[in-house]
Amino acid sequence: MRKPKILVLATGGTIAGSAASPENVTGYQAGVIGIDELLSAVPEIRDFAGVRSEQLCNIDSKDMTDEILIRLTARVNEIAAKNEADGVVITHGTDTMEETAFFLSLTVKTEKPVVMTGAMLPATAKNADGPRNLFDAVCVAACPESSGKGVLVVMNGKIFAAKEVTKTHTTKIDAFAAPDSGPLGHVDDNGVAFERTPNLPRLHFPADSPLPRVDILYGHEGDDGALVEAALHAGAKGIVYAGMGNGNIPAKAEKALAKASEKGIVVVRASRSNSGPVVPADPSYAAAGFIDSGMLNPQKARVLLRLALGQTGNREEVRRIFENL
Ligand code: ASP
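Conventions used here
- Residues numbered from 1 in each chain as written.
- Predicted model: local features only at pLDDT ≥ 70, side-chain atom pairs only at ≥ 80, totals over all residues.
- Heavy atoms only, no water.
- Core = buried A, V, L, I, M, F, W, Y, C linked by side-chain atoms within 4.5 Å.
- Buried < 20%, exposed > 50% of the residue type's maximum accessible area, 1.4 Å probe, protein only.
- Helix = DSSP H or I, 4+ residues; strand = E, 2+ residues; numbered from the N terminus.
- Contact = heavy atoms within 4.5 Å.
- Polar contact = N/O pair within 3.5 Å; in protein donor to acceptor, adjacent residues only side chain to side chain.
- 1 Å grid on protein atoms, 1.4 Å probe; cavity = no way out; pocket = protein on both sides within 12 Å on 5 of 7 lines; lining within 4 Å.
- Points joined across faces, edges and corners; volume = space filled by probe spheres on them.
- Nonpolar A, V, L, I, M, F, W, Y, C, P; charged D, E, K, R; others polar.
- Salt bridge = Lys/Arg side-chain N within 4 Å of Asp/Glu carboxyl O.
- Near = heavy atom within 4 Å.
- Areas by Shrake-Rupley, 256 points an atom, 1.4 Å probe, with all protein chains shown as cover.

K.L.:
Let's hear about the nonpolar core: which residues, and what values?
P.N.:
Counting residues in each nonpolar core, the largest one holds 32 residues, and the members touching the most others are Ile6, Val89 and Val140. Of all the secondary structure elements, the ones that give two or more residues to this core are β1 (5-12), α1 (35-40), α4 (130-142), β7 (151-155), β8 (158-161) and β12 (191-194). In terms of residue count, the dominant contributor to this core is α4 (7 residues). The contacts of Val140, once residues within four sequence positions are left out, are Pro113, Val115, Ser146, Leu152, Val154, Ile159, Val187, Val192 and Phe194.

Here it is as structure tokens:
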């Protein structure tokens, strides 16, 4: 039987990280080791998949750029269009994996499995989790059942949907969760098992969409809204406010945001709580034209707002995009 062809696109992260000693698990440099070396640590992959790899970049994911994001999307779309592989695996730092995964889920057009993975411990650690995660990600990408499920994230034996997953721990190996829905499935010695199908984004944006500046402002006691002005000064076309609870905003910050909204800046209310939706609350928010982030956390609301503002400057159209996601 023909082995599935899997293309691994490497971008860096702790999975490609190197520390001075095998005991070192936090003091290391991410994005150092090349993908061929990482794949050579898991030769068993070749038993069930024909694997090729490409090094797109080798960075710490906190330094992800628009240029790399757009190149990554374009490459995945090209692989799909030219039928270069049956599935794609993307290695990525865990810090911003959820943002890249969500971006890809809105810009990549394919039924083929697209699976992201990374690691919490550097490749040089004696109990490194990267090899297992890479093995699992290739298993998921090679599995016919993974087709049509959108962009997936595979970490620590769990399979997540791009729209739902978030990093919930700073250092533990079990750092990823989908707080409102749980994982889509699991991958272990028995293979790949999906327990449910994801709620896929209904929207698609062009891969080369312009990406206007959107800033996230983090709500806190005593916020006087001074940073709203700073965001506008820096050229923000949109602001995501990570409010308290159900996207609540302190009165002074609300006033500053309402003023920005009057000037045409699109304001989205998200929440600094890490689960649950942001739904209509104080009528003054609706009166000021603020948009509710729904199930999107602030960093994902920022991704969608940038893509939306790349298509339209019309606030009501942006609102429809958020409502129809
Ligand atoms: N700072 C690293 C990164 O995101 C963390 C990791 O990959 O776990 O690239």
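From this point, the narrative continues.
K.L.:
Explain the environment of Glu84 residue by residue, including any values.
P.N.:
Along the chain, Glu84 falls in the loop between α2 (66-81) and β5 (87-91). Glu84 sits 21 residues away from Ser105 along the chain, and the two C-alpha atoms are 19 Å apart. Contacts of Glu84, omitting those with residues within four sequence positions, involve Lys5, Leu7, Arg52, Arg75, Glu78 and Ile79. For Glu84, the side chain forms a polar contact with the side chain of Arg75, separated by 2.7 Å.

K.L.:
So what's going on with empty space enclosed by the protein? Which residues, and what values?
P.N.:
Over the atoms, a rolled probe matching the size of one water molecule traces out where space is still vacant. The final tally for this structure, using the stated rule, is 1 cavity of 30 Å³ or more. Of the volumes computed, that of the largest cavity is approximately 50 Å³. Around the largest cavity, the lining residues are Ser105, Lys149, Gly150, Val151, Ala161, Ala162, Lys163, Pro198, Asn199, Leu200 and Pro201. Tallied by class, residues from the lining of the largest cavity come to 6 nonpolar, 3 polar and 2 charged.

K.L.:
Give me the lowdown on the side chain of Arg319, citing residues and values where you can.
P.N.:
Secondary-structure assignment places Arg319 in helix α9 (residues 315-324). Not counting residues within four places of it along the chain, the set of residues in contact with Arg319 comprises Gly289, Phe290 and Ile291.

K.L.:
Requested: an account of the pattern of salt bridges, with residues and values cited.
P.N.:
Using the criterion set out here, one finds 18 salt bridges in the structure. As a salt-bridge pair, Asp215 and Arg213 come within 3.0 Å of each other at their nearest N and O atoms. Via salt bridges that share partners, Glu54, Arg75, Glu78, Lys82 and Glu84 belong to a single interconnected network.

K.L.:
An account of the site of the ligand is needed here, citing residue identities and associated values.
P.N.:
The full set of residues close to the ligand is Gly13, Thr14, Tyr28, Asp60, Ser61, Gly93, Thr94, Asp95 and Ala119. Thr14 is positioned with one of its backbone polar atoms (N or O) 2.9 Å from an oxygen atom of the ligand. A distance of 2.8 Å is found between a nitrogen atom of the ligand and a side-chain nitrogen or oxygen belonging to Asp95. For the ligand, whose free accessible area comes to 260 Å², the fraction covered by protein is 93%. For the shell around the ligand, a count of residues per class yields 2 nonpolar, 5 polar and 2 charged.

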